[in-house]
Structure formats: structure tokens, C-alpha cells
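This is what each chain is made of:
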Amino acid sequence: MKTFCGRANPTTGATDWVEESEEYDYHQEIARSCYADMLHDHDRNKKYYQGIRAAVSRIKARGERVVVLDIGTGTGLLSMMAVTAGADFCYAVEVFKPMAEAAQCIVKKNNFSDKIKIINKHSSDVTVGPDGDMHEKANLLITELFDTELIGEGALPSYQHAHQNLVTAGCEAVPHRATVYAQLVESELLWSWAQLQPADVEGARLVPPPTVGRCAGAHSVCDVQLSQVSPRSFTPLSPLCAMFSVDFSKPVSSAFQSHSTSFVARSGGRAQVVLSWWDLDMDPSGTIVCSMAPSWTYQHPAGVFQWRDHWMQSVYFLPAERQVAEREELSLTVCHDDYSLWYSLQPHRSAATPPPRPCCTCQAHLVWTRPRFGELNDRRRTGSYVAALRSVLSEDSVCLSVSDGSLLPVFAHMLGAKKVLEANSKKGGVELLEIRPEQLTSQDLRGEQISILMGEPYFSTSLLPWHSLFFWYCRTALAGLLRPTATILPCSASLHVVAVEFQDLWRIRAPCGICEGFDVTPMDEMVQRSLDFRESREAEPHPLWEYPCRALTHPTAVMTFDFTQCVPQEPISSQGSLTGRCHGVALWMEYHLTDDVTVSGGLTQPISEQGDCEWSRHRKQGVYFLRSAWDSLGDGRTSVSYSFTFEPSLGDVKMDFSITGH
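Conventions and cut-offs
Residues numbered from 1 in each chain as written. Predicted model: local features only at pLDDT ≥ 70, side-chain atom pairs only at ≥ 80, totals over all residues. Heavy atoms only, no water. UniProt positions renumbered as here; feature names shortened; annotations may be inferred. Axes fitted to C-alpha atoms, helices over the stretch in contact; angles between N-to-C directions. Helix = DSSP H or I, 4+ residues; strand = E, 2+ residues; numbered from the N terminus. Parallel < 35°, antiparallel > 145°, perpendicular 65-115°, else oblique. Left-handed = near helix turned anticlockwise from the far one by under 90°. Contact = heavy atoms within 4.5 Å. Nonpolar A, V, L, I, M, F, W, Y, C, P; charged D, E, K, R; others polar. Polar contact = N/O pair within 3.5 Å; in protein donor to acceptor, adjacent residues only side chain to side chain. Phe/Tyr/Trp six-rings, centres within 6.5 Å; stacked < 30°, edge-to-face > 60°. Buried < 20%, exposed > 50% of the residue type's maximum accessible area, 1.4 Å probe, protein only. 1 Å grid on protein atoms, 1.4 Å probe; cavity = no way out; pocket = protein on both sides within 12 Å on 5 of 7 lines; lining within 4 Å. Points joined across faces, edges and corners; volume = space filled by probe spheres on them. Pairing = 2+ DSSP bridges.

In the annotation of an unreviewed UniProt entry, the chain is listed under the name Protein arginine N-methyltransferase and assigned to Poecilia reticulata. According to the UniProt record, the Catalytic activity (unreviewed entry) comment for the chain reads "L-arginyl-[protein] + S-adenosyl-L-methionine = N(omega)-methyl-L-arginyl-[protein] + S-adenosyl-L-homocysteine + H(+)". Within the UniProt record for the chain, the comment given under Sequence similarities (unreviewed entry) is "Belongs to the class I-like SAM-binding methyltransferase superfamily. Protein arginine N-methyltransferase family. PRMT7 subfamily."

## Let's talk about the packing of helix 3 (residues 42-61) against helix 4 (residues 77-84)
It is at 9 Å that the axes of helix 3 and helix 4 come closest, and there the two elements cross at 40 degrees. By the angle between their directions, the pair helix 3 and helix 4 is classed as oblique. Relative to helix 4, the crossing made by helix 3 is right-handed. Contact with helix 3, carried on its side by Arg44, Asn45, Tyr48, Tyr49, Ile52 and Val56, involves Leu77, Leu78, Met81, Ala82 and Thr84 of helix 4 and no other residues of that element. Looking at the contact of helix 3 with helix 4 residue by residue, the classes come out as 8 nonpolar, 2 polar and 1 charged.

## Digging into the side chain of Ser403
Here Ser403 lies in the loop between strand 20 (398-401) and helix 12 (408-414). Of note is the side chain of Ser403, whose polar atom sits 3.0 Å from the backbone nitrogen of Glu456. At a separation of 3.3 Å, a polar atom in the side chain of Ser403 contacts the main-chain amide nitrogen of Tyr458. Residue contacts for Ser403: discarding those within four places in its chain leaves Glu422, Gly455, Glu456, Pro457, Tyr458 and Phe459.

## What to know about the UniProt feature "domain: Protein arginine N-methyltransferase" (unreviewed entry) in the chain
UniProt marks residues 176-346 and 492-660 with the feature "domain: Protein arginine N-methyltransferase" (unreviewed entry), using the numbering shown here. The span residues 176-346 shows a helical share of 5% and a strand share of 46%, and its end C-alpha atoms are spaced 32 Å apart.

## Here's the deal with the environment of Gln50
For Gln50, the location among the structural elements is in helix 3. It is 9.7 Å that separates the C-alpha atoms of Gln50 and Val174, two residues lying 124 residues apart in sequence.

## Quick word on unusual backbone geometry
Omega for the peptide link from Glu456 to Pro457 comes to -15 degrees, which places this bond in the cis form. Looking at where Pro457 falls in the secondary structure, it is placed in the loop between strand 24 (450-454) and helix 13 (470-477). For the bond from Leu489 to Pro490, the omega torsion is 5 degrees, close enough to zero to count as cis. With respect to the secondary-structure elements, Pro490 resides in the loop between strand 25 (482-489) and strand 26 (492-502). Positioned with a positive phi, Asn111 is a non-glycine residue whose angle comes to about 65 degrees. Residue placement: Asn111 occurs in the loop between helix 5 (97-109) and strand 5 (116-119).

## A look at the packing of aromatic side chains
As enumerated under the stated definition, the model contains 28 aromatic pairs in all. Geometrically, the ring pair formed by Trp307 and Tyr547 is edge-to-face, given 6.3 Å between the ring centres and 75 degrees between the ring planes. The class of Tyr547 is buried, set by a relative accessible area of 5%. An angle of 50 degrees between the planes, with centres 4.6 Å apart, marks the rings of Tyr624 and Phe657 as tilted. Note that Tyr624 is positioned in strand 35 (residues 621-625) and Phe657 in strand 37 (residues 652-661), a separation of 33 residues in sequence. Across this residue pair, the class does not change: Tyr624 and Phe657 are buried. Three or more aromatic residues link up through ring pairs in this structure, and these residues are Phe146, Tyr159, Phe248, Trp278 and Trp311.

## What to know about empty space enclosed by the protein
Roughly 80 Å³ of internal volume is contained in the largest cavity. Lining the largest cavity we find Ala216, Ala218, His219, Ser220, Tyr316, Phe317, Trp342, Tyr343, Pro358 and Arg370. Put simply, the parts of the chain that give the lining of the largest cavity at least two residues each are strand 17 (313-324) and strand 19 (341-347). Looking at the lining of the largest cavity residue by residue, the classes come out as 7 nonpolar, 2 polar and 1 charged. One number sums up the size of the second largest cavity: a volume of about 60 Å³. Every element with two or more residues in the lining of the second largest cavity is listed here: helix 11 (379-392) and helix 12. Of all the elements, helix 11 adds the most residues to the lining of the second largest cavity, at 3 residues.

## With respect to the sheet that holds strand 19
Strand order in this open sheet of 3 strands is 14-18-19, and the pairing throughout is antiparallel. At either end of the open sheet lies a strand with only one pairing partner, and these are strand 14 (257-264) and strand 19. Looking at each pair of strands side by side, their axes are set apart by 20 degrees on average, direction ignored. Sheet topology places strand 14 next to strand 18 (residues 329-336); 8 bridges connect them, and they run antiparallel. Bridged to Ser262 within strand 18 is Ser331.

See the structure below:
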């Protein structure tokens, strides 16, 4: 059955009514999932297998049957490991129906149907008894319920319920224990993601309002690939601290808890940020360890560090920065509820009560993402916009800004514009118009015409690079309010592509085939069906600064959008080819503020001779994974033909890539 769905178009700003299959949502969920990434995580799989073998052996040594409860079974991999290790029976619980069906196929394909029962329920709904989902309680609890923050997917409530209802007292658990680690650091780079910093404009200092400076910010974790954050960009103020552990073989509570650890400051500085990750001990002795530590914690990461995207590392921001003296005695506190963690810093032996979860009171943290804070705090980027504005402004300039939460209107006012308006309030010489650009009238402008239409452009609804072409549609809607000699800033934009070979990101789309000796091709087929439903014909957003890649071609501008003209009626098309042995294509937009000033949402430096790329930390780039890339990873080179079409009526860039030779 199909139904009409209203979807906001991020490029045109309109609501598009499209006919969608009732299966669209789950196909999208599967296509963009991390299932392949998890199965390609050999370190995770190996450590789980070792822990399961050891746990089964301990139970067998006690003369007991081994009955397994596998919560969040996914493909059924861990249950198949358990049966292979000697378990007598496994109850494998999976709440996501398509995944449960795939697990059923995988279990059957590997001839384990008589030993593994797939239960398509949330574990809290599973029943035990003669007529229940489980005929008996399990004495081996196996789970993979973790996210980057450890507990963000509801691990604690699930464990709590399982111990109360589904497993025996004194059961074995794999993993046996998790330990959360944290390190207090000073980092101008990371702190720029949390608080708006002062900016210098033409000798004047723009200082954020006190309400913003005093705000504790959003409590949500910032999950990143910390391996891509150079140790040169932060100063450790504390040693690495073990904050708390959870023993999964014993009853677990999901109630609020706090844990503190004392330390002596290693150096003086501004305490701003907490870097955090966790380890899993797969056995009680802690000899089988799966660690999430970033690569720079290893002396020789090659062969030891395992890249993974389903579990990364966490960055937490203190409610306020605090000056710390070298050798000062301090106490770091972590609090958690059933789903999230937050940190605070106190003097040693402080009797302060555990702090409440941070809450944004300035509204900025509810509007701006972490990368957006970093973008607004980027001095080089600010300098580009100020230089561009300075070159076009005059004393009689009437400026209108079209962007979400932008500082451009403030810059224009500080540079001496006669009047500055922002399409979406009146403050500090900038008049905010709480009205959509296409609804703006001459009366709203008090009869004046716009001499400078400006935008970064940035819109909170943008996911892919070209979604910011919404600025072009706004410019078209405002055409009747512009002076004949009006300046449009940026005056144009260009879409760029480069063929790339990813160091690791390819794993999220590569089929698995055989995983640790088990045939998981039904999952590969399920993911491919979902990709074929729509996703394989689309690019997807990724922050490429976190995912190293090697450029195999020179960057190519494939389309240019002239903002000095209205959006055309006819499509814009481009064709060409790229040559290289690549996993996919990276795409980004560059905005030409003036003839001399350009701001890139992608590459920020020329590609090195070795093909190394340096990407913007502020915007996500588009990635189009080549469907046949996994067949072209040999020594031969691949010719990739491309075609791009910008459809004005849809506000979308359609693209097609095909491998034409090896």
C-alpha cells in the first residue's frame, strides 16, 4: 500500500507531497544502519567470541546446561557463536522486525534453527514459562546494547529488567563488565563547539550577550572520532581516570547515580572539556578487553587500534570553564540517569551535591549544533565574510540577510550599513523580520529597496551540501524588492566532486559475506534491497574530517549556480568522468562571496601530492558510494562516468555514477 506524505523540501522551502510505500521508513533505517560496520569490526567479534567460549566453559565446568539469552541479537551472530561454543539453547531477542526476519534466515542458513529461537519483541515484553517466549530462565546473558555513550540505547533498563525477570541469580554475562574513562582537557578547538566566542570586526570586539556566556549549554553528548582530533589540539589537565564500572553479571540499576574521582592537576590551564570512552571486559578476570580508546592512546596503533563507527568516543563540555593551577587537587564527577551522562568539576573534598543535568537557558544551544558553534567561532571564516562585506557596503546600504542564526547582519551593522534586516527580531541596530522571505513585502521594508542581499548561506534544515541552495530560491522570491544594482552575496556557488578511496568508511557499505565463519549473506541482501529501494541512488551526508580518505582525482567543479540571476525554469545538467580506483565520490559546495573571496564547505586546503585531504569541520559533505566499488579494489584503475542534473522544480541535484572500465 502507498500513501501520500508531506515532506519539507530543504532546498525550495516548500512542502512536497510525495507518494511513499509504507515500507519506506524501515528501508531507510536499514540502508543507513551500522549493521555492516559492526560485522566488519573484527576486534569486537573476536573478543565477543573469546568471552562467550570462556563463559560457556565456566558454566559447563559447574555441570549445568547452558541456556543463553541474547538481547539485541541483530543478525544472530552472537547466538551462533554461543551454540558453536557448546551452549545447549539460545533465546535471541530482536525488536526490529526486518532484522529479526533476517536473523531467522541467517540462523536457518547456518543450520542452527534447532538451537536458536528468534523472539521478535522488546526484551521487556519477553515472557518466561511453559507457554512463554522462554521456557526457562537463562544462565548466560549476552548483549550488544551499547552506543558511543555506553548507556544511550537503554542498556541499563534492559539489563535491570533481564536480571529481575529473564536470567538466573549468579548468571554469567558477556560482556562481564564495562568501565567508563574520562580525561579533563583544555582545548580551544573543542570548546569552540560549545560556547560562542568574542569576534573582532574592524577593530571592534563583538562580545556574546551575558545570557549566552553564562549558559551551561546542552547536555547531549558530542560523539566524534577522537582519533582524528590531534593531541596537539588539546592540553591534558588530568590523568586518564576510571570513573565507574558496571558489572553486567549482577543486578543493574537504571536509577540516577553519581561517581567522583580525585586527582592532582598535571598542568595549569582552563578546564573546559572532558574526553571519554569505555572498555568492555568480556570475562571476570579482565583478560579479554574490547577498548574504545582513540588511536593516539596507543604507542603503536597499527595492528592494535580497531576503527569502528558504531562506537566512537564522547566529548562532554563543562557547564563553565574553570581556571586550574598545576598540582591543584580536584574532583571530577560524572552523573548518569538511565540514558545519558554529564560531568562537573569541583575542588577536592568538596561537599557539593551532585549537579543537575545541564540545561540550555540561552536558546542558542537549542538552535545551533556543535559544528555550527565551531563555524561561527572560526576566525578565518569570519574574516572572509567581513572582507567580502567591506568590499560591497556603503553608508546608504540597505541589507537583508537570509540565513538561520547568522552573525552577518551584526557584521554589516558594525561595518556601517544604513539599515540591516534579517528575515526571521529588533536588536542592536539589526531589525529581525519574523516572516518568511517569500512573504516579505515593500511595506515590511518601509518602502525601501534592498541593495545587498546576503547569506552565508546556512539553514538548519540542510542535510546535503546543495540544500543551502534555499538561498537561491529566497533570492528569486525577493527579486521584486531588490534594487536594479543590488549586490547578491554570495554571488554564486559551485558543486565540486572528487573521487576518493576511504581508509575505513567504506566498511559501512561493504557486504560482509562470511563473518567469523558464519554466513550472513541474508543480511547483505536485506541491506542491498533497502539501498535499491532508493538510498543507493542518493548521496548521504558525512563529516569527512572524521573519516580519512585519499583523493584519486583532482577536484572538479561540476555545476555552477549564479545567484545574481533567478532560479532558472530549465534543468542544469553536467556530464564527465573521473579516473581512479575509488570507493566513492565526495561532494561539497563552495560559495563565492565576491570575485575574490570564496568559502568552502568541503576541502579547506589543496590536496597533497599523496592525495591527503583536509576537510571543513563545520559542514557535512555528501558521499556517493559506488555500488560496484567492492569489485574494483584491485590494482587496476576505474573510469567512473558521472552525470548531474539540478531540477529547479524539485530543488534537488540528481546524480548518476557508473563504472565504465577497469
